[in-house]
Amino acid sequence: MAPQTNIKPALSVAARRARGILLGLAIFTVAVAAISLMLGRYPINPGEAVAMLVNQVLPLDQTWTDQQATLFFHVRLPRILLALMVGCCLAVAGAAYQGTFQNPLVSPDILGASQGAAFGAAMAILLGLSSLLTSAFAFAFALFTVLLVLLISARARGNHMMVVVLAGVMVSSLFQAGVSYAKLVTDPTDELADITYWLMGSLTGASMEKIALVFPVMLIGCAVLFALRWRINILTMGDDEAATMGVNARRTRIVVIIAATLITASSVCVTGMIGWVGLVIPHLCRMLIGADYRRLIPASMMMGASFLLIVDDIARLATTAEIPIGILTAFVGAPFFLYLITRKKKI
Amino acid sequence: MSIEVTNLSFAYGNREVLRDLNFSIPDGCLVNVLGPNGVGKSTLFRCILGLNPHYSGSILVNGKDLRALSVRQRAREISYIPQSHASVYDYEVIDVVLMATGSELKLLGTPGPEQLQRAHAALERIGIEHLAHRTYTQISGGEQQLVLIARALAQNARTIIMDEPTSALDYGNTVRVLSCVRQLAREGLSIVQSTHNPDHAFLYSDQTMVLSEGRLRAFGDPKDVITSELISELYHVEVEVNSLYGDKVRVCVPLSEVD
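Since the model is a prediction, treat every value here as computed from it, not as a measurement.

Q: Please provide a residue-by-residue account of the interface of chain B and chain A, values included.
A: Contacts between the two partners involve 30 residues from chain B, matched on the other side by 28 residues from chain A. It is helix α4 (residues 113-126) of chain B that contributes the most residues to the side of chain B that touches chain A, five residues altogether. A per-class count over the side of chain B that touches chain A returns 16 nonpolar, nine polar and five charged.

Q: Which residues make up the sheet that holds strand β10 (residues 215-220) of chain B, and what values go with them?
A: Residues and elements named next belong to chain B. In space, the six strands of this open sheet follow the order β6-β7-β8-β3-β9-β10, with mixed pairing throughout. Of all the strands in the sheet, the pair left with one neighbour each is β6 (78-81) and β10. On average, adjacent strands in this sheet sit at an angle of 20° to one another, irrespective of strand direction. Inspection of the sheet shows strand β9 (residues 207-212) paired to β10 by five bridges, in the antiparallel sense. Considered in β10, the bridge of valine 210 is made with alanine 218. Its contacts with the sheet place helix α5 (residues 141-154) against β6 and β7 (159-162), and it is angled at close to 170° to β6.

Q: Lay out the UniProt feature "transmembrane region" (unreviewed entry) in chain A in plain terms, naming residues and giving numbers.
A: Residues and elements named next belong to chain A. Here, UniProt's "transmembrane region" (unreviewed entry) annotation points to residues 21-44, 80-98, 110-129, 135-154, 161-182, 211-228, 254-281 and 323-341. Secondary structure across residues 80-98 divides into 100% helix and 0% strand, with the first and last C-alpha atoms of the span separated by 27 Å. Annotated as 70% helix and 0% strand, the span residues 110-129 places its first and last C-alpha atoms 28 Å apart.

Q: Let's hear about the nonpolar core: which residues, and what values?
A: Cys89, Val92, Ala117 and Ala142 of chain A together with Val97, Val147 and Ala150 of chain B are the most contacted members of the largest nonpolar core, which totals 175 residues. Element by element, the count of residues in this core is highest for helix α3 (residues 66-100) of chain A, at 17 residues. Built from parts of two domains, this core gets at least three residues from each of domain 1 (3-226) and domain 2 (227-259) of chain B. Residues contacting alanine 117 of chain A, with those up to four places away along its chain left out, are Ala138, Phe139, Phe141, Ala142, Ala265, Val268 and Cys269 of chain A.

Q: Tell me about the pairing of strand β1 (residues 3-12) of chain B, and please be specific about residues and values.
A: Residues and elements named next belong to chain B. Bridging between β1 and strand β2 (residues 15-25) involves seven bridges; their strand directions are antiparallel. Considered in β2, the bridge of tyrosine 12 is made with arginine 15. The hairpin formed by β1 and β2 contains two residues between the paired strands, and glycine 13 there has a positive phi angle of roughly 60°. Judged from the five bridges that link them, β1 and strand β4 (residues 56-61) form a sheet pairing that is antiparallel.

What counts, and where the lines are drawn
- Residues numbered from 1 in each chain as written.
- Chains lettered and ligands numbered in written order.
- Predicted model: local features only at pLDDT ≥ 70, side-chain atom pairs only at ≥ 80, totals over all residues.
- Contact = placed C-beta atoms within 7 Å.
- Helix = DSSP H or I, 4+ residues; strand = E, 2+ residues; numbered from the N terminus.
- Nonpolar A, V, L, I, M, F, W, Y, C, P; charged D, E, K, R; others polar.
- Pairing = 2+ DSSP bridges.
- Axes fitted to C-alpha atoms, helices over the stretch in contact; angles between N-to-C directions.
- UniProt positions renumbered as here; feature names shortened; annotations may be inferred.
- Core = buried A, V, L, I, M, F, W, Y, C linked by C-beta atoms within 7 Å.
- Buried ≥ 20, exposed ≤ 12 C-beta atoms within 10 Å, placed from the backbone.
- Domains from an automatic or database assignment.

Here you go:
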């Protein structure tokens, strides 16, 4: 057959480039994680870090102090794991939402997940609940908010996608008002600070218990989005065209929304609100690897993970008083993004 | 038969758009649908494509009742070529064509070498293989339309619906797109397209269908259907149909300009 002769080279150039970038991102992510394990005010040198990790599987002679081990396994490791997981989830949820809503300005909290979570967390803080219960409240309210948005939009008439986004914005503002009211009535010396701090987002509270809580949900959600990644391409063409190409757009969109909501809620509930990652990482990845979701989804996962980890390293190392990461993501990310879109040469 | 429509009626709420349509389109036939704006052409297409499920009457595509088919099964029988439009994201042309190969994949599957091969073959068949790795949003409107035709081919359905495929194209691209469609029908596909230009129906159709106020006004050989009287009445302009090149071609001329 004639086509074969000129297909092979053309395909392999594009595919090899994409594969190369994905491999590069994977190596970069692992490298960032390895370096982060050694960074910190309390010194742990590379040899000790590796020895402590190996010791979990193969018992070694102890060359590290118990204090180092405690810090390593209870503070630093969980924090780094959580940064990777949350960065991955927010970026991939953002990418998925941007595709299903055919709107590049959409971020993972478009359906109210963040504001709902913030309201839940504010309630829990007002009630004086523990950090773990605050997370549980935030998670439950995030899901409740998105469910509310979907129920409202199912009853509304008109362009379904437009209605979903509008309902999301409205319900979000409702819960935002709720959070503002909670801040108004709360005790300004103590609880107000907690709520404000939660709204700015932070990975300080990371622990293995929290990771164990959110990991299964995040894994399932990410796996679903990864599996549907090519179908999201088709959704960006619009519902009618998708249907004529054999894809039930509405059903696919609901599955994507559920998966993306679950991972957004699991992220927000343990870290508070971290903006920016879900909006901009997918765009950075598009510049790097193209719009095809088959590549965009894995690229967003890895770039989101490594980006949030780097920013969190800055958050915990740059100054003695930790800077909330929600502020830093914008400080670091926005100028970098502006630089990328204004420079002339393509990546 | 490629498409068989029996007693088809459709209404948006109380507004009746299609009324009691009956026609059948044989395999390998190129059909042009003529009619003024708002006469129900797009609604008819949406019904045949399964996008307006609440019609009354029956529609058979390649002998299969549309109502009995799932979204995926439908896509294997009939494909759709929309008017070229900007996509939100910058896909490569080959990725746009690949999108049509999903109806045969498992729910969580992604296209493999076989689908890729078919997408390239579709581009080749239209003669735009050189565009495969260009960015879809950066090629011309005419090229985009050809890409969407290639996409429909890659879907491997025997019947294709096109809604005003050339309305946004310049003269050269219009001719290129329409002769490409003509060629595909000769190769055995059934293609139904709507047009605003009766001259196109003469040049590029085996059968011409005329819709008027939601009813089938005429259906048959373009030379029988497109008469001075019918076009004048349909569009409310005085038109004379003239014959050129020993009646190989006919054209409509507005009389107000030649008197």
